[in-house]
Amino acid sequence: MSVLVRSGVGQLCAVGRAAIPSIWRGKYFSSGNEPAENNPVTPMLRHLMYKIKSTGPITVAEYMKEVLTNPAKGYYVHRDMLGDKGDFITSPEISQIFGELLGIWFISEWMATGKSTAFQLVELGPGRGTLVGDILRVFSQLGSVLKNCDVSVHLVEVSQKLSEVQALTLTEEKVPLERNAESPVYMKGVTKSGIPIFWYRDLHDVPKGHSFYLAHEFFDVLPVHKFQKTPQGWREVFIDIDPQVSDKLRFVLAPSATPAEVFIQHDETRDHIEVCPDAGVIIEELSRRIALTGGAALVADYGHDGTKTDTFRGFCGHKLHDVLIAPGTADLTADVDFSFLRRMAQGKVASLGPITQHTFLKNMGIDVRLKVLLDKSNEPSMKQQLLQGYDMLMNPKKMGERFNFFALLPHQRLQGGRDQMNARQSKPFASPVAGFSELAWQ
Ligand code: SAH
């Protein structure tokens, strides 16, 4: 991997990125402080009030799912919310270096596991396609390394609007929707560098070939159930209509036990927790696939290792937003519980991390890459953008410590298999996994 950093990617030059707002999504917020006059009755609020009036209070998970991905009115479905003019900004939108280093990670893992002849790059929740674009630029630059490999790109995306943006970013064309409504592939095309690219709504529809999976700021938008410990035991938090204020929602506690309680650990010591069954389903599917066909998954998100409590929050126009106000106009998110992801993978594949973004990017050689780009850049404004982007990604007080990296790998990858036999050694050895251990210059 160290060789790749120096020879290949070093030739790539700096690419302009968005202005960096002063707030990003990794912050706390709870509902309840917003004055009632700031509560416009959105179509989503009307829909939810109708639903609650007909069938009773809904779980926080159902609320999140409706608000974010309802096919008609969901927040993610019809808008581009990323970037300086949107509601939040993510690492790939801040700096090209982020995606480039992830591209190197995937190639490094592909090489370490025997250079398979097929390579499916699968991204869950690709946003604007910026991250895949940066990764593919690295793949093009390292064309000679990948020349005998059949590379394809598979995007899992529920948003109509964002899939259009991704198509424009990656193929530079408008890609039409597939005519056959039965087909799991709803769009397909060819990227700028000639790689076949496919869009799906669900991970289960992605072909089960040799794949490398990526999920950046994806798990945090999956619906969570919230539970509060009470003298009567765990009680789930529901969302109901506030009887005191018209057109307002409020949190209430369920009067008795609810099914999602099975996700709470018996020895849980916190008194408020969030559980995300959908994350469990996805990790199990990724683990099954990796155990069967090899490959790897890289998950990057803000989160904790089973220690935090109330992290459910909203973002609108780069500001924290009350989660119950004007639903459908703001992003909703909750910190990812990596201890849960690890438990769901256990027994099927090996997991690494979570480690902080600061450590991961440092280990991947971010300082060297920054220096190469600074040396190549003549424009002071570009130099300043590169330095600001680096600070945002790496500063422990910004994204450096709140964001974490976590990987799923086949057990053989860490134990050392035949593929990893060193010519001078008779015993198999496992080469270190890039990013999760310190970069060793050769
Ligand atoms: N990874 C991107 C975008 C993060 S925003 C980046 O880092 O810039 C979350 C992304 O997940 C969006 O693309 C959103 O449309 C998508 N998304 C949200 N819920 C989803 C679901 N259930 N299935 C697939 N994609 C989803």
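Our structure's up above, just so we're on the same page.
Everything in this summary refers to the structure shown in the same document. Just so it is clear, the model here is predicted, and its values are computed rather than measured.

1. Re the overall build of the protein
Along its length, the protein carries 14 helices and 17 strands. The buried share among the 442 residues of the protein stands at 56%. Counted over contacts in the protein with a minimum sequence separation of 6, partners at least 24 positions apart contribute 76%. For the protein, the accessible area works out to roughly 19100 Å², and carbon and sulfur atoms hold 53% of it.

2. Observations concerning the pairing of strand β8 (residues 233-241)
A regular strand carries its side chains on alternate faces of the sheet. Most of β8 sits out of view: eight of its nine residues are buried. Note that strand β1 (residues 58-59) and β8 share two bridges and pair antiparallel. Following the sheet pairing, Thr59 is matched in β8 by Phe238. Bridging between strand β7 (residues 225-230) and β8 involves four bridges; their strand directions are antiparallel. Looking at β8, one finds that Gln228 is bridged to Arg235. Between β7 and β8, which pair antiparallel and follow one another directly, the connecting turn spans two residues.

3. Some remarks on the layout of surface pockets
Approximately 820 Å³ is the volume found for the largest pocket. Secondary structure elements with two or more residues in the lining of the largest pocket: α3 (60-69), α4 (91-94), β2 (118-124), α6 (130-141) and α8 (277-293). A per-class count over the lining of the largest pocket returns 20 nonpolar, eight polar and 11 charged.

4. Looking at unusual backbone geometry
Here the residue pair Gly353 and Pro354 is connected by a cis peptide bond, since its omega of 5 degrees sits within 30 degrees of zero. Checked against the element boundaries, Pro354 lands in strand β16 (residues 350-356). Positive phi, close to 50 degrees, is recorded for Glu217, a residue that is not glycine. Considering the arrangement of structural elements, one finds Glu217 in the loop between β6 (211-216) and β7. At His318, a position not held by glycine, the phi torsion is positive, near 65 degrees.

5. Notes on the packing of helix α5 (residues 96-112) against helix α11 (residues 366-376)
With their axes 11 Å apart at the nearest point, α5 and α11 run at an angle of 125 degrees to one another. Classified by the angle their axes make, α5 and α11 are oblique. α5 and α11 meet at a crossing whose hand is right-handed. Between α5, through Gln96, Ile97, Glu100 and Leu101, and α11, the contact on the second element is made entirely by Ile366, Arg369, Leu370 and Leu373. Classifying every residue of the contact of α5 with α11 by side-chain character gives five nonpolar, one polar and two charged.

6. Details of the packing of aromatic side chains
Across all of its chains, the model carries 13 aromatic pairs by this definition. Their ring planes at 50 degrees and their centres at 6.1 Å tell us that Phe98 and Phe405 sit as a pair that is tilted. Of this pair, Phe98 sits in helix α5 while Phe405 sits in strand β17 (residues 403-409), and the two are 307 residues apart along the sequence. The exposure class of Phe98 is buried, given its relative accessible area of 0%. Among the residues examined, Phe405 registers a relative accessible area of 0% and is labelled buried. With 6.4 Å between their ring centres and 50 degrees between their planes, Trp110 and Phe119 make a pair best called tilted. Phe119 shares its class with Trp110; the two are buried. Feature note: the residues Trp105, Phe106, Trp110, Phe119, Phe139 and Phe212 constitute an aromatic cluster, connected by ring pairs.

What counts, and at which threshold
- Residues numbered from 1 in each chain as written.
- Predicted model: local features only at pLDDT ≥ 70, side-chain atom pairs only at ≥ 80, totals over all residues.
- Heavy atoms only, no water.
- Helix = DSSP H or I, 4+ residues; strand = E, 2+ residues; numbered from the N terminus.
- Buried < 20%, exposed > 50% of the residue type's maximum accessible area, 1.4 Å probe, protein only.
- Contact = heavy atoms within 4.5 Å.
- Areas by Shrake-Rupley, 256 points an atom, 1.4 Å probe, with all protein chains shown as cover.
- Pairing = 2+ DSSP bridges.
- 1 Å grid on protein atoms, 1.4 Å probe; cavity = no way out; pocket = protein on both sides within 12 Å on 5 of 7 lines; lining within 4 Å.
- Points joined across faces, edges and corners; volume = space filled by probe spheres on them.
- Nonpolar A, V, L, I, M, F, W, Y, C, P; charged D, E, K, R; others polar.
- Axes fitted to C-alpha atoms, helices over the stretch in contact; angles between N-to-C directions.
- Parallel < 35°, antiparallel > 145°, perpendicular 65-115°, else oblique.
- Left-handed = near helix turned anticlockwise from the far one by under 90°.
- Phe/Tyr/Trp six-rings, centres within 6.5 Å; stacked < 30°, edge-to-face > 60°.

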